[in-house]
Amino acid sequence: MPLFMLVYEQPSRVRVLTPELLLCNSFLLSAKMRFLARNLLLRPHLLCNSISSSAVATTRSEGPASTARPTRITSDDLAQINILIPRLCESNNFREAIRVFVTSLLLNPPLDSLPLPFLIQRLSSDPQTAPPFALLTALHRTGPYCHYALPRATRLLVAAYLKDRRHREATKVFDWTLRRGLRGVPDAETYRVLIRGMAMGGKMMETVRVLRWMVNAGLSVEAELRDVVVDSLLREARVREASEMGEALRRLADGDDEVQSVVKFIDQMLRDSDWRE
């Protein structure tokens, strides 16, 4: 029967970790997964094979510069991963759950087939921000094999924090992505979620600041999102700012103004207005 196995080389032997073994021995899980995380890019022997009397087949890396993807994951492996990660989260083994999730991505599964929403929900429920940022950092550092999960992970994490009215944490996630300079992160939908959430929470300075970065990224600010920003400014009795912002965004949408002109206008608004939140 196919099992999800974490396989890596040591000088004289090959180790195989199954979900049953991992769940029965949390110390083994932590130690082995740390070893795997350190060596994953150099020795990506993450395989999904049937257990039989024959030797376990492994796929050797072509070296640190190799971009070849490992064998695709099977439905049975996905089923076991979707059992293992929630169990690890329920026992508050967030670090191990993150390692299993990131390692699973190396087999190029459809992102919808992995329990990312559940993982994000559990990580964001922690009072500390260390677990969620550990996931983002792992996705960022593991290499291009895992980068495709970053936009959705970022969006889900921002939405989870905003739902719990943890605006400061949502802002930290946004700032983290800006500092990394990741292409396509945050994506347009993340900007929309963040702007709506900040506006509904009365965080107008952050709303305008995020809008500024969205415009600077060359992303379209559709009429619905423009109305959200303008209406939020009006609720704060910022009539002048609402009128000027609405006009600037309309000119941008109609192609009558350059992106950098609107960015400079928003920068000036952020400097001149009295933002007290």
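Residues numbered from 1 in each chain as written. Predicted model: local features only at pLDDT ≥ 70, side-chain atom pairs only at ≥ 80, totals over all residues. Heavy atoms only, no water.

A. Layout of the packing of helix α8 (residues 150–163) against helix α10 (residues 188–200). Closest axis-to-axis distance for the α8/α10 pair is 9 Å, and the angle between their directions is 10°. With respect to their mutual orientation, α8 and α10 come out roughly parallel. Where α8 approaches α10, its residues P151, T154, R155, V158, A159 and L162 are matched on the opposing element by E189, T190, V193, L194, G197 and M198. The class makeup of the residues in the contact of α8 with α10 is seven nonpolar, three polar and two charged. (Axes fitted to C-alpha atoms, helices over the stretch in contact; angles between N-to-C directions. Helix = DSSP H or I, 4+ residues; strand = E, 2+ residues; numbered from the N terminus. Parallel < 35°, antiparallel > 145°, perpendicular 65-115°, else oblique. Contact = heavy atoms within 4.5 Å. Nonpolar A, V, L, I, M, F, W, Y, C, P; charged D, E, K, R; others polar.)

B. A look at unusual backbone geometry. The phi torsion at N92 lies on the positive side, around 65°, for a residue other than glycine. Relative to the helices and strands, N92 is located in the loop between α3 (75–90) and α4 (94–105). The phi dihedral of R165 falls on the positive side, at around 60°, and the residue is not glycine. When you line up the elements, R165 lands in the loop between α8 and α9 (167–180).

C. How the structure looks around the packing of α3 against α4. It is at 7 Å that the axes of α3 and α4 come closest, and there the two elements cross at 155°. By the angle between their axes, α3 is roughly antiparallel relative to α4. Along this stretch, α3 crosses α4, giving a crossing that reads as left-handed. Within the contact between the two elements, α3 uses I81, L84, I85, L88 and C89 and α4 uses F94, E96, A97, V100, F101 and S104. (Left-handed = near helix turned anticlockwise from the far one by under 90°.)

D. Structural view of the UniProt feature "repeat: PPR" (unreviewed entry) in the protein chain. UniProt's feature table lists "repeat: PPR" (unreviewed entry) at residues 187–221, given in the numbering used throughout. Counted over residues 187–221, helix gives 74% and strand 0%. Its end C-alpha atoms are 13 Å apart. (UniProt positions renumbered as here; feature names shortened; annotations may be inferred.)

E. Broad picture of the packing of aromatic side chains. For the structure on display, the rule yields one aromatic pair. Here F174 and Y191 contribute two aromatic rings whose centre-to-centre distance is 5.7 Å and whose plane-to-plane angle is 75°, an arrangement assigned as edge-to-face. Here the residue F174 occupies a position in helix α9, and Y191 occupies one in helix α10, the gap between them amounting to 17 residues. Just as F174 is buried, Y191 falls in that class too. Over the ring of W213 we find R212; its NZ or CZ atom is 4.8 Å from the centre of that ring. (Phe/Tyr/Trp six-rings, centres within 6.5 Å; stacked < 30°, edge-to-face > 60°. Buried < 20%, exposed > 50% of the residue type's maximum accessible area, 1.4 Å probe, protein only. Lys NZ or Arg CZ within 6 Å of the ring centre and 35° of its normal.)

F. How the structure looks around the pattern of salt bridges. Within the structure shown, the criterion is met by 13 salt bridges. R155 serves as the salt-bridge partner of D187, at 2.6 Å between the closest nitrogen and oxygen. One end of the pair, D187, is in the loop between α9 and α10; the other, R155, is in helix α8, and 32 residues separate them in sequence. Here R192 and E222 are joined by a salt bridge, their closest N and O atoms 2.9 Å apart. Here R192 is found in helix α10, whereas its partner E222 is found in the loop between α11 (204–216) and α12 (223–235), with 30 residues between them in sequence. Judged by relative accessible area, E222 falls into the partly exposed class, the value being 23%. A single salt-bridge network, built from bridges that share partners, covers R238, R240, E241 and E244. (Salt bridge = Lys/Arg side-chain N within 4 Å of Asp/Glu carboxyl O.)

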